[in-house]
Amino acid sequence: MKERHQIYSEEGLKDNMRAEKLTSEDESKELLGDIDFNDTSSITVPESLIDHVIGQDEAVEVIKKAARQRRHVMLIGSPGTGKSMLGKAMSELLPVEELQDVLVYANPEDNNTPRVRVVPAGRGKQIVDAQKMEARKKVQTRNMFLMLIVMALIVYAYYTGQLLFGIIAAALIFLSLRYMLPKEDAMVPKLLVDNNSKKKAPYVDATGAHAGALLGDVRHDPFQSGGLETPSHERVECGAIHKAHKGVLFIDEVNTLRPESQQSLLTALQEGEYPITGQSERSSGALVRTEPVPCNFIMILAGNLDAVQGMHPALRSRIKGYGYEVYMRDTMDDTLENRNKLIRFVAQEIVRDGKIPHFTRDAVSEIMREAKRRSGRKGHLTLMLRDLGGLIRVSGDVARANGANLTEADHVVQAKKMARSVEQQLADRYMERRKDYSMFHSSGDEVGRVNGLAVMGDSGIVLPIMAEITPAQSKDEGRIIATGKLQEIAREAVTNVSVLIKKFLGEDITKKDVHIQFIGTYEGVEGDSASISIATAVISALEGVPVKQTVAMTGSLSVRGDVMPVGGVTQKIEAAAKAGIKTVLIPKSNMGDVLIDEATKGMIEIIPVSNMSEVFEYAMGGQRNRLIEKLKRFATEKKIGIILPETISIPSRSI
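Residues numbered from 1 in each chain as written. Predicted model: local features only at pLDDT ≥ 70, side-chain atom pairs only at ≥ 80, totals over all residues. Heavy atoms only, no water.

Asker: Help me understand the overall build of the chain in this model?
Answerer: When helices and strands are tallied, the chain shows 23 helices and 27 strands. When burial is assessed residue by residue, the chain has 51% of its 655 residues classed as buried. Sequence-distant contacts in the chain: of pairs separated by 6 or more residues, those separated by 24 or more amount to 76%. When the accessible surface of the chain is totalled, it reaches about 31300 Å², and 51% of it is carbon and sulfur. (Helix = DSSP H or I, 4+ residues; strand = E, 2+ residues; numbered from the N terminus. Buried < 20%, exposed > 50% of the residue type's maximum accessible area, 1.4 Å probe, protein only. Contact = heavy atoms within 4.5 Å. Areas by Shrake-Rupley, 256 points an atom, 1.4 Å probe, with all protein chains shown as cover.)

Asker: Help me understand the packing of helix 14 (residues 385-401) against helix 15 (residues 409-418) in this model?
Answerer: Where helix 14 meets helix 15, the closest approach of the two axes is 8 Å, and the angle between their N-to-C directions is 115°. As helix 14 packs across helix 15, the resulting crossing turns out to be right-handed. Residue-level contacts link Leu391, Val394, Ser395, Val398 and Ala399 of helix 14 to His411, Val412, Gln414, Ala415, Lys416 and Met418 of helix 15. Per-class residue counts for the contact of helix 14 with helix 15 are seven nonpolar, three polar and one charged. (Axes fitted to C-alpha atoms, helices over the stretch in contact; angles between N-to-C directions. Left-handed = near helix turned anticlockwise from the far one by under 90°. Nonpolar A, V, L, I, M, F, W, Y, C, P; charged D, E, K, R; others polar.)

Asker: What is the right way to look at the sheet that holds strand 3 (residues 115-120) in this model?
Answerer: Neighbouring strands of a sheet are bound in pairs by backbone hydrogen bonds; such pairs are parallel or else antiparallel. An order of 3-2-4 is seen for the three strands of this open sheet, with the pairing classed as antiparallel. Edge positions in the sheet fall to strand 3 and strand 4 (190-193), since each has one partner strand and no second. Sheet twist, expressed as the average angle between the axes of neighbouring strands with direction ignored, equals 35°. Relative to strand 3, strand 2 (residues 100-105) runs antiparallel, the two sharing six bridges. By the bridge assignment for strand 3, valine 102 is matched with valine 118. Of the strands in this sheet, strand 2, strand 3 and strand 4 touch helix 5 (residues 123-159), which is tilted by about 30° from strand 2. (Pairing = 2+ DSSP bridges.)

Asker: Explain the confidence of the model for the chain to me, please; I cannot follow it from the model alone.
Answerer: Do not read the fine detail of predicted coordinates wherever pLDDT is low. Of all residues in the chain, 77% have pLDDT values of 70 or greater, and the mean over the chain is 79. In the predicted structure, residues 638-654 sits below a pLDDT of 50 and forms 87 contacts with residues beyond four places in sequence or in another chain. (pLDDT = per-residue confidence, 0-100.)

Asker: Quick question: what am I supposed to make of the side chain of asparagine 195 here?
Answerer: With respect to the secondary-structure elements, asparagine 195 resides in the loop between strand 4 and strand 5 (203-205). Here the side chain of asparagine 195 touches lysine 198 through a polar contact of 3.2 Å, side chain to side chain. Those residues in contact with asparagine 195, other than ones at most four positions away along the chain, are Leu99, Gln100, Asp101, Ala121 and Pro202. (Polar contact = N/O pair within 3.5 Å; in protein donor to acceptor, adjacent residues only side chain to side chain.)

Asker: Sorry, what's going on with the sheet that holds strand 1 (residues 72-76) here?
Answerer: Pairing is parallel in the open sheet, where five strands are placed in the order 5-8-11-1-12. Two strands bound the open sheet, and with one partner strand each, they are strand 5 and strand 12 (323-327). Each strand of the sheet is rotated relative to its neighbour by a mean of 15°, with strand direction disregarded. Relative to strand 11 (residues 298-303), strand 1 is paired through four bridges, and the arrangement is parallel. Paired with methionine 74 across the two strands is leucine 301, which belongs to strand 11. Helix-sheet contacts for helix 4 (residues 83-93) involve strand 1, strand 5, strand 8 (248-252) and strand 11, and the interaxial angle to strand 8 is about 175°.

Encoded structure:
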């Protein structure tokens, strides 16, 4: 039996983790591809931002086409896959010579309807400066005239012996003339949108903007009458849609905008112009409404799948009818070309940060290995590059703190421990607490108890599952009772275990209750990879055959009884190794996804399984031969299997 264990584990690791077993020199060549470099300082970083986007070839092509044809784009996908970078890149592709300045003028005919004028970029500042200079000269001339009148009146009063009355009269005349004469500076226009000296088209990020910041607003004026009020055009403030005129307006999580704002955004898209008015009915600005202000922008919306559900239907239709929708990739194929791109990504992140030393070849190899590990799929590299960039920066910080001129592989290894996510830290705390209170066992054999494996965020944990058989409490029929704060889908799916029991035993179990407990699931559980764990626990309890507590397992079951692949196998294996478990069973099709580090390899034996017979063979103790023969006999007639859902919400555990 032990010999068969070694065949499974050694062949699987040999076929699917060959890179981890090579010598250091060959390993570096295997991971890094054909770029010849000693450190990343010799790698050329492209200047164009569109060339910085990695692994999103379809999205890049769409952005280029959309920039040429001025189409709107919606980018849907996981955070950190390059959506905002694509938006900034589009602004670089748009022509700069078409940019315009927008001026707002006072309207002598209707003070509450300021006039709007559009001029070429750079011309707006010249007009405002000229108008200010002219107004300043007029004010100086007027003040000089008033001073001459006042001085003449005072001199006349002095010689006539009425000096006091002369001073009072001069003061009254001075104040009256200042109040009656028009304010020259009130006629100076306000530069609403200034594109002077801009070398590329505007890029405006309006994520989370309230109505005033998005659509423009009119400031409140505490002095609204008596000649002390601020001219209405001076109180007008442009919104993000106006700043993005002839450029790109980027909005992430558009579903967080209020429906009214989304409707106004749709109007701006359709008309290419939108008047500015006060956004609060309690403000004096509510009476002010400018002439339409141009806002001919390209809109890029971004978000997760739930962002699509929360969008205004008409706004979504506008994108579909006049633009593109793109789903961003989470991983890319592990090819030589893509590895070269990832090496360049390391170099460009170092250049962009500007505060960390360059990486050696071995350090880049460690980053490449982490990219393979985080992809969660064999033959793929992760495209969650924001998180990977965070690891690069922490590694550089470690090297800088150690006084190193270059970032070495050891610095990256240290950074992995330091840059753990909150979920990873929380999972470690759970493991410590469970060890203290013996919530899971890693030695001996027990009936009806199985060490399942779960994923919390991006970290694995050991999640014990227990099963017990009791006489039915109901007179009508036995029940499947699952506890452990299961989510709705998981609770419904657990009931499918009754199919397994009936088909496996081939006898009437209507007078029995089957209790299934997920131990320590305080925040709830969802997941489909608990299938083989539940099946093993229930059958162990029914047949009285003990389960080895040195074994942990993960895997889904098809309705035909085959062990199906699951996610997060690397994290689950590492969690089992930290818990002191000696053997872990995983689906055979997941062997290529195993990318554990060197320290973990010698701590645990990995056995791939393809059906429940193999699961029982490796997990059961005692009378397992009798059990396996019984299972094989029934499996030839009717395939058995149960299914549980896959997903879980943080910080719940995914099984």
